[in-house]
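# Structural overview for review
Spelled out from the first residue to the last, the chains are:
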Amino acid sequence: MPTPGGDASYGQKGTSFAAAFWKFLRPHTIRGTILGTTAVTAKALIENPQFIDWGLLPRALLGLVALLCGNGYIVGINQIYDVDIDVVNKPFLPVASGELSAPVAWGLCLALATTGLAVVATNFGSVITSLYAFGLFLGTVYSVPPLRLKQYPIPAFMIIAVVRGFLLNFGVYSATRAALGLPFEWSPAISFITIFVTVFATVIAITKDLPDVEGDQANNISTFATRMGVRNVALLAIGMLLANYLGAVGLAMTFSHAFNVPLMAGAHAILGLVLLLRTLKLHASGYSREAVASFYRWIWNLFYAEYALLPFL
């Protein structure tokens, strides 16, 4: 016989689990994956409007599901092996806070990886499946001993740059063209976004540890921030992003036949200005932990903005 309030209790447990699972997936990375996938797919379709077939939409959605599964696996496995660090740096994460136990987290990671790989293998062919499996492999060796490459600054940022920069853009664009029945070929916009986002992903990789110096030092994790200092790494990242924006403006002017020059030059000049204003705010704060964390979130906003521009470049 059900106990009074039993249904409500189950409902509350379900709601709590859903909230913990959502945090486990790291929503800011999901937004980047969804926006990047949508933008690259849209650009491929805009370049070839005569081949658009709305019957391919379900397959495209399956591809997005696979990417989100891969994203969830990579950030999830990182939380499992970073639990001692996250207790200090990110106590709000569900494994560190105890909202999700280690066995449940493992079960979610295995389910995400298996589902994503199965979706890709049954829908997108051997090349894309190999790229997808390679991305899962990189995400694994980034966090899991004995390699645990995140403890070495250069391999760590290279993995993030490859996964977010090259694999996502090349993989999605290649899969979209294949779905349209077209061979792969680089377009100016896709070549640009792949290089731009690879640099941007490198910046994300070296700045993501800025708010976490205390926990990383306590657990003997070597990062650029622990080695070079928060201020120096922040200034390095800002310089890389400014070079990225200046490069985009210069590229638009040099190859005016290949891009929407007013948008590409104007938008990147404005985004560079926004970055400078945020830099002044960070400097005025004395590079406090709260200001650094806010600045890191703003870097993601600039990342999202780039993909929002892509279909129109």
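Residues numbered from 1 in each chain as written. Predicted model: local features only at pLDDT ≥ 70, side-chain atom pairs only at ≥ 80, totals over all residues. Heavy atoms only, no water.

## Some remarks on the overall build of the protein chain
Along the backbone of the protein chain there are 14 helices and zero strands. The N-to-C order of helical and strand elements in the protein chain reads α-α-α-α-α-α-α-α-α-α-α-α-α-α. Rg of the C-alpha trace for the protein chain: 21 Å, near the compact-globule value of 20 Å for 313 residues, within the 12% margin. Seen along its three principal axes, the alpha-carbon backbone of the protein chain occupies a region of about 70 × 55 × 40 Å. For the protein chain, the exposed area adds up to about 14,600 Å²; of that, 70% sits on carbon and sulfur atoms. Counting 18 positive and 14 negative side-chain charges, the protein chain places the averaged centre of each group 3 Å from the other. (Helix = DSSP H or I, 4+ residues; strand = E, 2+ residues; numbered from the N terminus. Rg over C-alpha atoms; globule rule 2.2 N^0.38 Å. Areas by Shrake-Rupley, 256 points an atom, 1.4 Å probe, with all protein chains shown as cover. Lys, Arg positive; Asp, Glu negative; His and termini not counted. Charge placed at Lys NZ, Arg CZ, Asp CG, Glu CD.)

## Structural notes on the UniProt feature "transmembrane region" (unreviewed entry) in the protein chain
In this structure's numbering, the residues bearing the UniProt feature "transmembrane region" (unreviewed entry) are residues 60-81, 102-121, 127-144, 156-174, 186-206, 233-255 and 261-280. Annotation note: span residues 102-121, helix share 100%, strand share 0%, distance between end C-alpha atoms 28 Å. Secondary structure across residues 156-174 divides into 100% helix and 0% strand, with the first and last C-alpha atoms of the span separated by 26 Å. (UniProt positions renumbered as here; feature names shortened; annotations may be inferred.)

## Concerning the pattern of salt bridges
In total, this model carries four salt bridges according to the counting rule given. Salt-bridge contacts for Asp82 lead to Arg148; the nearest nitrogen and oxygen are separated by 2.7 Å. You can see Asp82 sitting in the loop between helix H3 (57-81) and helix H4 (83-89) and its partner Arg148 sitting in the loop between helix H7 (125-143) and helix H8 (153-179), a full 66 residues away along the chain. Note on Arg148: relative accessible area 10%, which makes it buried. A network of salt bridges, in which partner residues are shared, links Asp82, Arg148 and Lys150. (Salt bridge = Lys/Arg side-chain N within 4 Å of Asp/Glu carboxyl O. Buried < 20%, exposed > 50% of the residue type's maximum accessible area, 1.4 Å probe, protein only.)

## With respect to the nonpolar core
Across soluble globular proteins, nonpolar side chains have a tendency to be buried as a group. Counting 48 residues, the largest nonpolar core has Phe192, Phe200, Tyr245, Phe303, Tyr307 and Leu310 as the members making the most contacts within it. For this core, the secondary-structure elements that each account for two or more residues are helix H2 (27-47), H8, helix H9 (188-207), helix H12 (230-254), helix H13 (261-284) and helix H14 (289-309). When residues of this core are sorted by domain, at least three fall in each of domain 1 (25-46 + 55-185) and domain 2 (187-312). Setting aside its immediate chain neighbours within four residues, Tyr307 contacts Leu35, Gly36, Ala39, Val40, Arg164, Leu168, Asn169, Ile193 and Val197. By size, the runner-up hydrophobic cluster in this structure holds 34 residues, among which are Val95, Leu100, Ala113 and Phe170. (Core = buried A, V, L, I, M, F, W, Y, C linked by side-chain atoms within 4.5 Å. Domains from an automatic or database assignment. Contact = heavy atoms within 4.5 Å.)

## Here's the deal with the side chain of Asn78
Relative to the elements of secondary structure, Asn78 occurs in helix H3. Judged by its relative accessible area of 18%, Asn78 is buried. When neighbours within four sequence positions are excluded, Asn78 is seen to be in contact with Tyr142, Ser143 and Lys150.

## With respect to unusual backbone geometry
The residue after Pro145, namely Pro146, is reached through a cis peptide bond having omega 10°. Take Pro146: it is sitting in the loop between H7 and H8. Positive phi, normally seen in glycine, also occurs at Arg148, with a value near 40°.

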